[in-house]
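# Summary of structural features
Chain residues, written in single-letter form:
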Amino acid sequence: AQSVTQLDSQVPVFEEAPVELRCNYSSSVSVYLFWYVQYPNQGLQLLLKYLSGSTLVKGINGFEAEFNKSQTSFHLRKPSVHISDTAEYFCAVNREGGSYIPTFGRGTSLIVHP
Amino acid sequence: DGGITQSPKYLFRKEGQNVTLSCEQNLNHDAMYWYRQDPGQGLRLIYYSQIVNDFQKGDIAEGYSVSREKKESFPLTVTSAQKNPTAFYLCASSIWVTGNQPQHFGDGTRLSIL
């Protein structure tokens, strides 16, 4: 079985400040990892994904994430946020050779203040 | 452009009524999914389908039913047996090959009780 924990339900930050959204996973086998963003009253959009190779993954809108196997983490970062980054962010994991149904975290609400 | 279309955007259900949420995709994806989203609870899987004429229950299938008669379409019926149907419903699709494929989401249907 696999599980995902997003450690912060809400992260408030001022515009142009850096931000980190934390995601930890649990799995006994290799995993694939995803970050999605959800704007109000919309569906989820893929931000970035880690499948293999380089542990630093770059995504859309200036976001990046680092896969850390020893700490079973996949934290999302952005060096300077904009008001338009205000949204809900979901981390998801799927096991290699698993059921192809990803497990989602509960989400982190990023609130960017002017 | 390829994508997933959910309709209607807003839906109201009367007591004892069944309602059907539409989901259509033109991405030529084999797999389709229905999720329920409640505040602070992330995404919970209702049903999924790997191929036409086959579907599987997810974690919270009670009170819901689906059909998959065409590859492009995966409608969800919320039956009167679902006592707490008020939620945001998301439809998704993906390539069903391995767990390394991201999901593509529609913009959701918000269901409320009258």
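The sections below set out a description of the structure shown in this document.

Scoring rules and cut-offs
Residues numbered from 1 in each chain as written. Chains lettered and ligands numbered in written order. Predicted model: local features only at pLDDT ≥ 70, side-chain atom pairs only at ≥ 80, totals over all residues. Heavy atoms only, no water. Helix = DSSP H or I, 4+ residues; strand = E, 2+ residues; numbered from the N terminus. Buried < 20%, exposed > 50% of the residue type's maximum accessible area, 1.4 Å probe, protein only. Contact = heavy atoms within 4.5 Å. Areas by Shrake-Rupley, 256 points an atom, 1.4 Å probe, with all protein chains shown as cover. Lys, Arg positive; Asp, Glu negative; His and termini not counted. Charge placed at Lys NZ, Arg CZ, Asp CG, Glu CD. Phe/Tyr/Trp six-rings, centres within 6.5 Å; stacked < 30°, edge-to-face > 60°. Buried area = accessible area lost by both parts, 1.4 Å probe. Salt bridge = Lys/Arg side-chain N within 4 Å of Asp/Glu carboxyl O. Polar contact = N/O pair within 3.5 Å; in protein donor to acceptor, adjacent residues only side chain to side chain. Nonpolar A, V, L, I, M, F, W, Y, C, P; charged D, E, K, R; others polar.

### A short note on the overall build of chain A
- Summing up its helical and strand segments, chain A has 0 helices and 12 strands in all.
- Counted from the first residue to the last, chain A has its helices and strands arranged as β-β-β-β-β-β-β-β-β-β-β-β.
- Each principal axis of the C-alpha distribution contributes one length, and for chain A these read about 45 × 30 × 20 Å.
- Burial analysis of chain A (114 residues in total) assigns 46% to the buried set.
- For chain A, long-range pairs separated by at least 24 residues make up 58% of all intrachain contacts whose partners lie at least 6 apart in sequence.
- When the accessible surface of chain A is summed, it comes to about 5400 Å², and 49% of that surface belongs to carbon and sulfur atoms.
- For chain A, the distance from the average site of its 8 positive side-chain charges to the average site of its 9 negative ones is 9 Å.

### Details of the packing of aromatic side chains
Residues and elements named next belong to chain A.
- Following the criterion strictly, the structure yields 13 aromatic pairs over all chains and no others.
- The interplanar angle of 20° and the centroid separation of 4.3 Å between the aromatic rings of Tyr-50 and Phe-67 together place this pair among those described as stacked. A residue pair is termed long-range when its members are at least 10 positions apart, and Tyr-50 in strand β6 (residues 44-50) and Phe-67 in strand β8 (residues 64-68) qualify at 17 residues.
- Using a relative accessible area of 10% as the deciding quantity, one classes Phe-67 as buried.
- On the basis of an interplanar angle of 45° and a centroid distance of 5.5 Å, the ring pair of Phe-63 and Tyr-89 is categorised as tilted. Residue Phe-63 is located in the loop between β7 (56-58) and β8, and its partner Tyr-89 is located in strand β10 (residues 87-95); the two are separated by 26 residues in the primary sequence.

### As for the interface of chain A and chain B
- Listed by partner, the interface residues are 20 residues for chain A and 24 residues for chain B.
- When chain A packs against chain B, the two sides together hide about 1800 Å² of surface, and 60% of this comes from carbon and sulfur.
- Area buried by chain A at its contact with chain B is led by A:Asn41, A:Tyr100 and A:Ile101, which between them contribute 32% of it.
- Between the two partners, chain A and chain B, sit 0 salt bridges.
- Counting the contacts that link chain A with chain B gives 5 residue pairs in polar contact (both at pLDDT 80 or more).
- For the side of chain A that touches chain B, the secondary-structure elements that each account for two or more residues are β5 (31-38), β6 and β10 of chain A.
- Here the side of chain A that touches chain B gets 4 residues from one element, more than from any other, and that element is β5(A).
- The residue makeup of the side of chain A that touches chain B, split by class, is 11 nonpolar, 7 polar and 2 charged.

### Remarks on the pattern of salt bridges
Residues and elements named next belong to chain A.
- Applying the stated rule across the entire model yields 8 salt bridges over all chains.
- In this structure, the salt-bridge partner of Arg-22 is Asp-8, at a minimum N-O distance of 3.0 Å. Here the residue Arg-22 occupies a position in the loop between β3 (19-21) and β4 (24-26), and Asp-8 occupies one in the loop between β1 (3-5) and β2 (10-14), the gap between them amounting to 14 residues.
- Overall, Arg-22 belongs to the partly exposed group, its relative accessible area being 31%.
- With a closest N to O distance of 2.8 Å, Asp-85 and Lys-78 form a salt bridge. Considered together, Asp-85 and Lys-78 belong to a single accessibility category, that of buried residues.
- Through salt bridges with shared partners, a single ionic network connects Glu-20, Glu-66 and Arg-77.

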